[in-house]
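# Commentary on secondary and tertiary structure
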Amino acid sequence: MDELINNLKIEIIEALNLEDVKAEDIDTEAPLFNEGLGLDSIDALELIVLIEKKHGIKIQSADEGKQILYSVKTIAEFIIKNKK
Amino acid sequence: MKKKVFISGIGIISSIGNNVIEVLNSLIHENSGIIYSEHLHSVYKNEMPVGEVKLTDNELKDLLKLSDKSQNSRTTLLGMMAVSEAIKNSEISDINKFNTAFISATTVGGMDKSEIFYREFIKNKTKGKLKYICTHDCGESTKKIADKIKLNGFTATISTACSSSANSIMVGARLIKNGLADRVIAGGADALSLFTINGFNTLMILSHKHCRPFDETRNGLNIGEGAGYIVMESDECLKKSGKLPIAELKGYGNACDAYHQTASSPDGYGAYLAMSKAIGNANIMPNNIDYVNVHGTGTPNNDLSEGLALQNIFNNNVPYFSSTKSATGHTLGASGGIEAVISILAIQNKIIFPSLNFNQQMKELTICPTSKTIKNVEIKNVLSNSFGFGGNNTSLIFSAV
Amino acid sequence: MELYIKGINSISPSENFDNISHIPEIKLVDEIYKHYVCIEPIYKEIINPLLLRRMSRAMKMGIASALLCLKDAKIEMPDAIITATGLGCIEDSDKFLTLLIENEEKMLNPTPFIQSTHNTISSQIALLLKCHGYNSTYAGRGACFETALLDAKMLISDDDLQNVLVGAYDELIANQIRILYRLGLFKNNNKINDNQGNLPGEGASFFVVSPNPSETNYAKISDFEIVNNLISAKKIISDFLVKNSITIGNINSIMVGINSCFDTHYTEYTDLFPNSNILWFKHLCGEYMTSSAFALCLAVKCLKNYSIPEIAFIRKNNNKNNNILIINKVTNEQTALFLLSN
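Residues numbered from 1 in each chain as written. Chains lettered and ligands numbered in written order. Predicted model: local features only at pLDDT ≥ 70, side-chain atom pairs only at ≥ 80, totals over all residues. Heavy atoms only, no water.

All names here are of chain B. With respect to the secondary-structure elements, Ser165 resides in helix α6 (residues 164–177). We classify Ser165 as buried; its relative accessible area is 0%. One polar contact links the side chain of Ser165 to the main-chain carbonyl oxygen of Ala334, over a distance of 3.4 Å. (Helix = DSSP H or I, 4+ residues; strand = E, 2+ residues; numbered from the N terminus. Buried < 20%, exposed > 50% of the residue type's maximum accessible area, 1.4 Å probe, protein only. Polar contact = N/O pair within 3.5 Å; in protein donor to acceptor, adjacent residues only side chain to side chain.)

What follows deals with unusual backbone geometry. Trans is the prevailing form of peptide bonds, just as negative phi is the prevailing case for residues other than glycine. Although it is not a glycine, Asn17(A) sits at a positive phi angle of roughly 60°. If you trace the backbone, Asn17(A) turns up in the loop between α1 (2–15) and α2 (41–55). Backbone geometry places Glu104(C), a non-glycine residue, at a positive phi of 50°. Counting through the fold element by element, Glu104(C) comes out in the loop between α3 (90–102) and α4 (110–114).

Attention shifts here to empty space enclosed by the protein. This model, assessed by the stated rule, comprises eight cavities of 30 Å³ or more. Approximately 240 Å³ is the volume attributed to the largest cavity. What lines the largest cavity is a set of 20 residues, and nearest its centre among them are Thr107(B), Val108(B), Phe195(B), Ser116(C) and Thr117(C). At three residues, the largest contribution of residues to the lining of the largest cavity is made by helix α7 (residues 194–202) of chain B. Partitioning the lining of the largest cavity into residue classes produces eleven nonpolar, eight polar and one charged. Considering only enclosed or pocket space, the second largest cavity measures out at about 50 Å³ in volume. Looking at the second largest cavity, the residues that line it are Asp257(B), Ser264(B), Ser265(B), Gly268(B), Gly270(B), Ala271(B), Asn302(B), Ser305(B), Glu306(B), Phe387(B) and Asn393(B). (1 Å grid on protein atoms, 1.4 Å probe; cavity = no way out; pocket = protein on both sides within 12 Å on 5 of 7 lines; lining within 4 Å. Points joined across faces, edges and corners; volume = space filled by probe spheres on them. Nonpolar A, V, L, I, M, F, W, Y, C, P; charged D, E, K, R; others polar.)

Here we take up the side chain of Ser264(B). Relative to the helices and strands, Ser264(B) is located in the loop between β8 (247–256) and α9 (269–281). Those residues in contact with Ser264(B) that lie beyond four places of it in its chain are Asp257(B), Tyr259(B), Asn301(B), Asn302(B) and Ser305(B). (Contact = heavy atoms within 4.5 Å.)

Residues and elements named next belong to chain C. Here the domain parsing of chain C yields domain 1 (3–210) and domain 2 (221–341). Here domain 1 and domain 2 have C-alpha centroids that lie 22 Å from each other. Contacts between the two partners involve 47 residues from domain 1, matched on the other side by 33 residues from domain 2. For the pair domain 1 and domain 2, the summed buried area comes to about 3,200 Å², and 69% of that belongs to carbon and sulfur atoms. For the pair domain 1 and domain 2, the number of links is two salt bridges. In this structure, Lys301 engages Asp18 in a salt bridge whose closest nitrogen and oxygen atoms are separated by 2.9 Å. Summed over the shared surface of domain 1 and domain 2, the result is eleven residue pairs in polar contact (both at pLDDT 80 or more). At the level of secondary structure, the elements contributing two or more residues to the side of domain 1 that touches domain 2 comprise β1 (3–11), β4 (80–85), α6 (144–159), β6 (164–170) and β7 (203–210). Here the side of domain 1 that touches domain 2 gets seven residues from one element, more than from any other, and that element is α6. Its residues assigned to classes, the side of domain 1 that touches domain 2 comprises 22 nonpolar, 19 polar and six charged. (Domains from an automatic or database assignment. Buried area = accessible area lost by both parts, 1.4 Å probe. Salt bridge = Lys/Arg side-chain N within 4 Å of Asp/Glu carboxyl O.)

Facing the six residues of chain B at the interface are nine residues of chain A. When residues of chain B are sorted by the area they lose upon contact with chain A, Leu203(B), Met204(B) and His260(B) head the list and together hold 76% of the total. In this assembly, chain B and chain A are joined by zero salt bridges. Taken together, chain B and chain A are joined by one residue pair in polar contact (both at pLDDT 80 or more). Classifying every residue of the side of chain B that touches chain A by side-chain character gives two nonpolar, four polar and no charged.

The next subject is the pattern of salt bridges. Counted according to the given criterion, the structure contains 39 salt bridges over all chains. For Arg54(C), the salt bridge is made with Asp40(A), and the minimal N-O distance between the two is 2.6 Å. Within this pair, whereas Arg54(C) is found in the loop between α1 (49–52) and α2 (57–73), its partner Asp40(A) is found in the loop between α1 and α2, the two belonging to separate chains. Residue Glu268(C) pairs with Lys329(C) through a salt bridge whose shortest N-O separation is 2.7 Å. Taken as a pair, Glu268(C) in helix α9 (residues 267–270) and Lys329(C) in strand β12 (residues 323–329) lie far apart in primary sequence, 61 residues in all. On the basis of relative accessibility, which here comes to 39%, the residue Glu268(C) falls in the partly exposed class. Among the residues examined, Lys329(C) registers a relative accessible area of 22% and is labelled partly exposed.

Note on aromatic pairs: each is described by the distance of the centres and the angle between the planes. Residues and elements named next belong to chain B. Applying the stated rule across the entire model yields 16 aromatic pairs over all chains. Here Phe214 and Phe321 contribute two aromatic rings whose centre-to-centre distance is 5.1 Å and whose plane-to-plane angle is 70°, an arrangement assigned as edge-to-face. Taken together, the residues Phe214 in the loop between α7 and β7 (226–234) and Phe321 in strand β10 (residues 320–322) connect sequence positions 107 residues apart. Relative accessible area serves as the criterion here: at 0%, Phe214 is assigned to the buried category. (Phe/Tyr/Trp six-rings, centres within 6.5 Å; stacked < 30°, edge-to-face > 60°.)

Let us now look at the interface of chain B and chain C. The partner chain C presents 62 residues to the 66 residues of chain B that form the contact. Buried surface at the junction of chain B and chain C, both sides included, amounts to about 5,200 Å², of which 60% is carbon and sulfur. At the surface where chain B touches chain C, the tally comes to four salt bridges. Across the pair Asp151(C) and Arg174(B) runs a salt bridge, and its minimum N-O distance is 2.4 Å. Summed over the shared surface of chain B and chain C, the result is 29 residue pairs in polar contact (both at pLDDT 80 or more). Elements with a minimum of two residues in the side of chain B that touches chain C: α4 (111–121), α5 (138–148), β5 (155–158), α6, α7, β8 and α9 of chain B.

Pasting the structure below:
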């Protein structure tokens, strides 16, 4: 889980071009959107693509995505739960 | 005293008909043009229904008397169809007799041909037939259509996403008001392309079923294709040719939502501004509007935002409204032109065209779209909304004469 | 109606826009295809870094140029925003198209699609400023920048607007350079002197235009027009000058859209002005669909500074610098004219 979380942080930084952010700056349990990293709905769509590409799991709708993408931790939990 | 702007002709092609008569019949009979694609070969062709024009490129070329070998994007072919019809409908015999301008709108332009080119090109940069990439820029279809109708006058191309052709009609009207043109053909065309289908798919706003504008269960839009153009003329120009106008373009309003790159603001402020500017520009009151042809894409976000703006502007006394995108699909850059034609048809035929697939009122709203055809309605003023990505919102008001 | 230029900005391949002294450095794609590249500012100092992270080069150039222009005009909120672009955000279009073919329509990123629409920059400027005013974008070949300016002029007169932000942008990407050379629009010939404008170029130029005269304005656009080339050059010029009550002899300089010293497309025009200076600009910005916005920026700068950089002259005939007439063939069919004065 820890390794997955760390990898996810690196993947997020790369996919969203968060140049000045380091993996250790991202709080695993803090909300990614709005206040947290200041991400928006376009980032959410990018993260949905990222999860499918890197982890092979498809999120069906933006609505479903909302809960999954709440924090790095929720994403990691979703991936572990759905990994075949 | 600014000049008035009259409409003397209309032309349309869409998934519900290849000309004005066919489109009118489909609208009256509540026919939808949304199907699984026959001509566009996307991997999603059996998943996402689209509003496809029921003619191949070669069939369009035949109707336009163009050689099979002529290089025209589908956008250009659709544009030529609707523009030719509008000119005929307006009974124009000599296109250059008056100072005539052509303002056209598109978002994809020749993307269908660029897709063919890129398949070879990305594998080997020295490959790919160059004739396919020459149609890429948005001005290409404008030029080809202008050449087809042998126009010498001013031309311009507008590209503001899904409000593109509403803006081209607005700019055309302002050219006439400012005495810079006597007559303007304005509207827009957009063809289906893998680019837009996949683009909207990445936004997760395409419905896998028929779209359901303003319905509580709506879950996205259906992309369509087509073209819609109108001929606008000054009063003097009409008098000189002894023609009677079919409608008047009474008002227009353009405003920016300035909220988000793709989403509309939750309160629909930009939509409210565009509608209120148009009503002010027409010098009428909101209660003079008899019918609103809404933008109504069927996405959760648009319909909520637009619905709240409607309740706001009409002070909860909202007139008949419907989204004809439920029949035609969302024709992107062409939608403003197509819905301009449909708004004029509503006035001419005294009919409110319905929103298809509506069942359940949205819980956030107190209003429902008109879901059945209503005949014999005296329609004086129609408000037509077109809202685009980036909050580029435009409203037009068409009036009876 | 006359328009006054209150503020300008140009991001172009030329260094030191205040007094350009040499032609831009020539870059290569695939080691053979020559082209110009913009000298770009440090964007972090101009645009919020959080927004910057997903912007393409066209967006950065266009938005930065617009913001710097507003600053130059000392305007915080324009009444309207109108942009023009030949090919729009071509990098994003290229990216999405490539991705969609390579990935066979699966797992595509939304950002390049969202940003591929031509109105991306005008709406992003509005978003950054929270500007709810009129917003539009003209696209494609032809006189799209001139039409944007015409729209601004109509808006100012129809709606009494005071400050309209008008600009144009086009970026150059490697694939496009390859295609342009393959189309034969540019020649890959080493024998031809490098000091020529016939190279693919790019740039973003913005203006704040206003109906109000002021000491601090850059220049006045006395008139501009987009005319059809069916009419002879002589008649185009005489009609335009008569309309503006000025004679050929009183035009100090003309700036023409030739793209090399050997370009003969404008001799029918240059021959009409035996006593005027002849200036050019495409060797400083390259050839692109909205290069006339660069020309306008260069010309108003010359008028404001009362000096024309040596490098802009093709022929020097006088030392007067009270007006410049820009003559630019935007397509085979259309010529755009701008009459500017200080």
